[in-house]
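Below are the chains, spelled out letter by letter.
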Amino acid sequence: ANMLLETIRDGDVIAITGGKAVSAVVENLSPENKIDVTVVPLTGGVQGKFYTDVNHLATQMAERLGGTPMLIHAPLFAESRNQRDMLKSMASTKEVFDLARRANVALVGVGSVEPRGSSYYDLNPVPEADRKMLVGMGVAAEFMAHLIGENGRLAEYELNSRLVALDPSELEACRTVIGIAAGEQKTRPIRAVLNGNFLDSLVLDEETVNAVLETMERSKHVA
């Protein structure tokens, strides 16, 4: 939260994802003065996940900072590729995503897919057989609701093609992209996202930092 406050300035657009980590950042925002920012979602919304839903967090962040939220009135997952294309082309959705593409700062959670309790499965129910298949395919992370392989590339999984969300590559125009994650179970996902070169900054707790560095050191020796 402090890093975000040091990064943003009046007139900035902040683009965010939903999730527990971003929610924790929002809860800890305590600016000394109001900051004239616009907060926009990077993804569609998730029904029934109010406190970690991207629209709720965009509203909360804007209120705490003294700025303005822009909400997205579209679900995270469409029922088909055609429906996704239609939803993304709607004027109201397009306006939000166009603004998100030009955001000055992006705050993005890094999600895991392997544990049964992974927040990715809160977003969309995935059959048990598919969970095992995803791990077998080398899928290591969820980033902006996209499944990412260990090499940092988007996985060829059908749900990725139905996402009402910006592609991670569209963050390139952002001045600063801040990733946030906590917990040793995020070690593999963090490495995947780092391999994709999606981030400018990464905020972790100490245990997670040590776990990531340890696995990187180990893989260096193996190589």
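To start, this report covers the structure provided alongside it. (Residues numbered from 1 in each chain as written. Predicted model: local features only at pLDDT ≥ 70, side-chain atom pairs only at ≥ 80, totals over all residues. Heavy atoms only, no water.)

### Overview of the layout of surface pockets
Line of reasoning, step 1. The calculated volume of the second largest pocket comes to roughly 160 Å³.
Line of reasoning, step 2. If you trace the second largest pocket, you find it lined by Gly45, Val46, Gln47, Gly48, Lys49, Phe50, Asp53, Pro75, Leu76 and Phe77.
Line of reasoning, step 3. Residue classes in the lining of the second largest pocket are distributed as five nonpolar, three polar and two charged. (1 Å grid on protein atoms, 1.4 Å probe; cavity = no way out; pocket = protein on both sides within 12 Å on 5 of 7 lines; lining within 4 Å. Points joined across faces, edges and corners; volume = space filled by probe spheres on them. Nonpolar A, V, L, I, M, F, W, Y, C, P; charged D, E, K, R; others polar.)

### Some details on helix α2 (residues 20–27)
Line of reasoning, step 1. Residues of α2 that are buried include every one of Val22, Ser23, Val25 and Val26, and no others. Within α2, the buried residues cover an arc of 160° as seen down the axis, which keeps them to one side. Every exposed residue of α2 that faces more than 90 degrees away from the buried side is listed here: Lys20 and Glu27. (Buried < 20%, exposed > 50% of the residue type's maximum accessible area, 1.4 Å probe, protein only. Helix = DSSP H or I, 4+ residues; strand = E, 2+ residues; numbered from the N terminus. Arc of directions from axis to C-beta.)

### A word on the environment of arginine 64
Line of reasoning, step 1. On the secondary structure map, arginine 64 appears in helix α3 (residues 54–65).
Line of reasoning, step 2. On the accessibility criterion, arginine 64 (37% relative accessible area) is partly exposed.
Line of reasoning, step 3. Expressed as a C-alpha distance, the spacing of arginine 64 and glycine 149, which sit 85 residues apart in the sequence, is 35 Å.
Line of reasoning, step 4. Each residue touching arginine 64, except ones within four places of it in the same chain, is listed here: Val26, Glu27, Leu29 and Pro31.
Line of reasoning, step 5. Only 3.4 Å separates the side chain of arginine 64 from the backbone oxygen of leucine 29, close enough to count as a polar contact. (Contact = heavy atoms within 4.5 Å. Polar contact = N/O pair within 3.5 Å; in protein donor to acceptor, adjacent residues only side chain to side chain.)

### A word on a nonpolar patch on the surface
Line of reasoning, step 1. Taken together, the side chains of Leu194, Leu213 and Met216 make up a nonpolar region of the molecular surface, amounting to roughly 250 Å² of accessible area.
Line of reasoning, step 2. Tracing the chain through its elements places methionine 216 in helix α9 (residues 206–222). (Patch = residues over 30% accessible without salt bridge, like charges linked within 9 Å, V, L, I, M, F, W, Y side chains within 5 Å. Areas by Shrake-Rupley, 256 points an atom, 1.4 Å probe, with all protein chains shown as cover. Salt bridge = Lys/Arg side-chain N within 4 Å of Asp/Glu carboxyl O.)

### Quick look at the nonpolar core
Line of reasoning, step 1. One finds Leu42, Val108, Phe143 and Leu171 to be the most contacted residues of the largest nonpolar core, which totals 33 residues.
Line of reasoning, step 2. Those elements giving two or more residues to this core turn out to be β1 (13–16), α5 (91–101), β4 (105–111), β5 (139–143) and α8 (187–195).
Line of reasoning, step 3. The contact partners of leucine 42, leaving out residues within four places of it in the chain, are Ala15, Ile16, Thr17, Val54, Phe97, Ala100, Ala106, Val108, Met144, Ala165, Leu166 and Leu171.
Line of reasoning, step 4. Counting 21 residues, the second largest nonpolar core, distinct from the first, contains Leu4, Val22, Leu57 and Ile178. (Core = buried A, V, L, I, M, F, W, Y, C linked by side-chain atoms within 4.5 Å.)

### Remarks on the packing of α2 against α3
Line of reasoning, step 1. Close contact between α2 and α3 brings their axes to 9 Å; oriented N to C, the two are set at 20°. Between α2 and α3, the angle is such that the two are roughly parallel. Where α2 crosses over α3, the handedness of that crossing is left-handed. Contact with α2, carried on its side by Val22, Ser23, Val26 and Glu27, involves Leu57, Gln60, Met61 and Arg64 of α3 and no other residues of that element.
Line of reasoning, step 2. Its residues assigned to classes, the contact of α2 with α3 comprises four nonpolar, two polar and two charged. (Axes fitted to C-alpha atoms, helices over the stretch in contact; angles between N-to-C directions. Parallel < 35°, antiparallel > 145°, perpendicular 65-115°, else oblique. Left-handed = near helix turned anticlockwise from the far one by under 90°.)

### Let's talk about the packing of aromatic side chains
Line of reasoning, step 1. Counted according to the given criterion, the structure contains one aromatic pair.
Line of reasoning, step 2. With 5.2 Å between their ring centres and 15° between their planes, phenylalanine 143 and phenylalanine 198 make a pair best called stacked. Of the two residues, phenylalanine 143 sits in strand β5 while phenylalanine 198 sits in the loop between α8 and β8 (201–203), which places them 55 residues apart along the sequence. Accessibility classification places phenylalanine 143 together with phenylalanine 198 in one group, the buried group. (Phe/Tyr/Trp six-rings, centres within 6.5 Å; stacked < 30°, edge-to-face > 60°.)

### A look at the packing of helix α4 (residues 81–89) against α5
Line of reasoning, step 1. Viewed as axis vectors pointing N to C, α4 and α5 meet at an angle of 75°, and their least axial separation amounts to 5 Å. As the angle between them shows, α4 and α5 are arranged roughly perpendicular. Seen from α4, the contacting residues are Leu87, Lys88 and Ser89; seen from α5, they are Ala91, Thr93, Lys94 and Phe97.

### Considerations on the pattern of salt bridges
Line of reasoning, step 1. This model, assessed by the stated rule, comprises eight salt bridges.
Line of reasoning, step 2. Between arginine 101 and glutamate 170 there is a salt bridge, with the nearest N and O atoms lying 2.5 Å from each other. Placement of arginine 101 in helix α5 and of glutamate 170 in the loop between β6 (146–149) and β7 (176–180) is noted, with a sequence separation of 69 residues between them.
Line of reasoning, step 3. Given a relative accessible area of 27%, arginine 101 falls into the partly exposed group.
Line of reasoning, step 4. For glutamate 158, the salt bridge goes to arginine 162, with nearest N and O atoms at 2.8 Å.
Line of reasoning, step 5. For glutamate 158, a relative accessible area of 45% gives the class partly exposed.
Line of reasoning, step 6. One salt-bridge network, held together by shared partners, links Lys94, Asp98, Arg101 and Glu170.

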